[in-house]
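Each chain, letter by letter, is given below.
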Amino acid sequence: MSKITVRPAESADLVAVAAIYADAVHTSVATFDIEEPPPTYWQAKLDSTAVGDHFLVACDENTVLGFAYSGVFRSRPAYGRTRETSIYLAPAASGSGLGTRLYGALLDLLRKDQVHLVVSVVAQPNPASNALHRKLGFTEVGTLDEVGFKFGKYVSTTWFQLRQT
Ligand SMILES: CC(C)(COP(=O)(O)OP(=O)(O)OC[C@H]1O[C@@H](n2cnc3c(N)ncnc32)[C@H](O)[C@@H]1OP(=O)(O)O)[C@@H](O)C(=O)NCCC(=O)NCCS
């Protein structure tokens, strides 16, 4: 773990980021995407300069092991002090504390930005993500029952929130 760095994402990371996400798109209900988003989707996250928008990667030397980002929760202006967060690790990088480190770094940035509320939506079942959010101080708001449909099954989402200011 000591060689692993957490830093802002760069253009050169985006192919690896897209590959980690593509694995989730095709194998998991963690994301409700059913097709891989185009490269412009990731570039737009990288290019955002809005306060509270961040895009971090965790790297072992030159290998991207995972990424986490924050962005707009909803576009209407009154939601401006809230951010929605997300995190994805390569399967081999999960389960050894990296999620805590990477997501913790993202939340530190959001605190510095004085983001008031952080929201995260976790498709179920996802015991690792549930545990990660609770560990980092999120509280469970509630569950939307069978709000999604992927791989031939209905999927529920649990909403987590973290008040930061
Ligand atoms: C969710 C995810 C980011 C967690 O990262 P991680 O590196 O595995 O998490 P950590 O090792 O930092 O563990 C965080 C906490 O969760 C717990 N945890 C990890 N995996 C768990 C599991 N399968 N079941 C229950 N608890 C688990 C850990 O024990 C730890 O708590 P502790 O420190 O109190 O013991 C990672 O598993 C992942 O990328 N999953 C696939 C994508 C995904 O689901 N993203 C979330 C979308 S909402």
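The structure presented is a predicted model; accordingly, all values stated were derived computationally and were not measured.

## Concerning the side chain of D53
By the secondary structure assignment, D53 is in the loop between α2 (39-47) and β2 (54-60). Here D53 falls in the buried class, since its relative accessible area comes to 17%. Only 2.6 Å separates the side chain of D53 from the side chain of S48, close enough to count as a polar contact. At 2.7 Å, the side chain of D53 and the side chain of R83 are in polar contact. Setting aside chain neighbours within four positions, we find D53 in contact with S48, S70, G71, V72 and R83.

## Some remarks on the layout of surface pockets
Size it by volume and the largest pocket reaches roughly 1,100 Å³. Of all the secondary structure elements, the ones that give two or more residues to the lining of the largest pocket are α1 (14-27), α2, β2, β3 (63-72), β4 (82-89), α3 (98-112), β5 (117-123) and α4 (127-135). Of the residues in the lining of the largest pocket, the class split is 22 nonpolar, 20 polar and six charged.

## A look at the nonpolar core
Within the largest apolar cluster, 37 residues are counted, with the highest numbers of intra-cluster contacts made by W42, F55 and F67. Put simply, the parts of the chain that give this core at least two residues each are α1, β2, β3, β4, α3, β5 and β7 (153-163). Dropping the residues within four chain positions of it, F67 is found in contact with V17, I20, Y21, W42, F55, L56, V57, S86, I87, Y88 and L102.

## Some words on the site of the ligand
Taken together, the neighbourhood of the ligand is formed by 20 residues, with I87, G95, G99, T100 and N126 sitting nearest. At 2.7 Å, a backbone N or O of I87 approaches a nitrogen atom of the ligand. Contact distances for the ligand include 2.8 Å between an oxygen atom and a side-chain N or O atom of K135. For the ligand, the protein covers 68% of the area, taking 940 Å² as the surface of the free molecule. Using a 2 Å cut-off from the grid points, one finds that the ligand occupies the largest pocket. At six residues, the largest contribution of residues to the shell around the ligand is made by α4. Among the residues forming the shell around the ligand, the class breakdown is eleven nonpolar, eight polar and one charged.

Conventions used here
Residues numbered from 1 in each chain as written. Predicted model: local features only at pLDDT ≥ 70, side-chain atom pairs only at ≥ 80, totals over all residues. Heavy atoms only, no water. Helix = DSSP H or I, 4+ residues; strand = E, 2+ residues; numbered from the N terminus. Buried < 20%, exposed > 50% of the residue type's maximum accessible area, 1.4 Å probe, protein only. Polar contact = N/O pair within 3.5 Å; in protein donor to acceptor, adjacent residues only side chain to side chain. Contact = heavy atoms within 4.5 Å. 1 Å grid on protein atoms, 1.4 Å probe; cavity = no way out; pocket = protein on both sides within 12 Å on 5 of 7 lines; lining within 4 Å. Points joined across faces, edges and corners; volume = space filled by probe spheres on them. Nonpolar A, V, L, I, M, F, W, Y, C, P; charged D, E, K, R; others polar. Core = buried A, V, L, I, M, F, W, Y, C linked by side-chain atoms within 4.5 Å. Near = heavy atom within 4 Å. Areas by Shrake-Rupley, 256 points an atom, 1.4 Å probe, with all protein chains shown as cover. Sits in = over half its atoms within 2 Å of the grid points.

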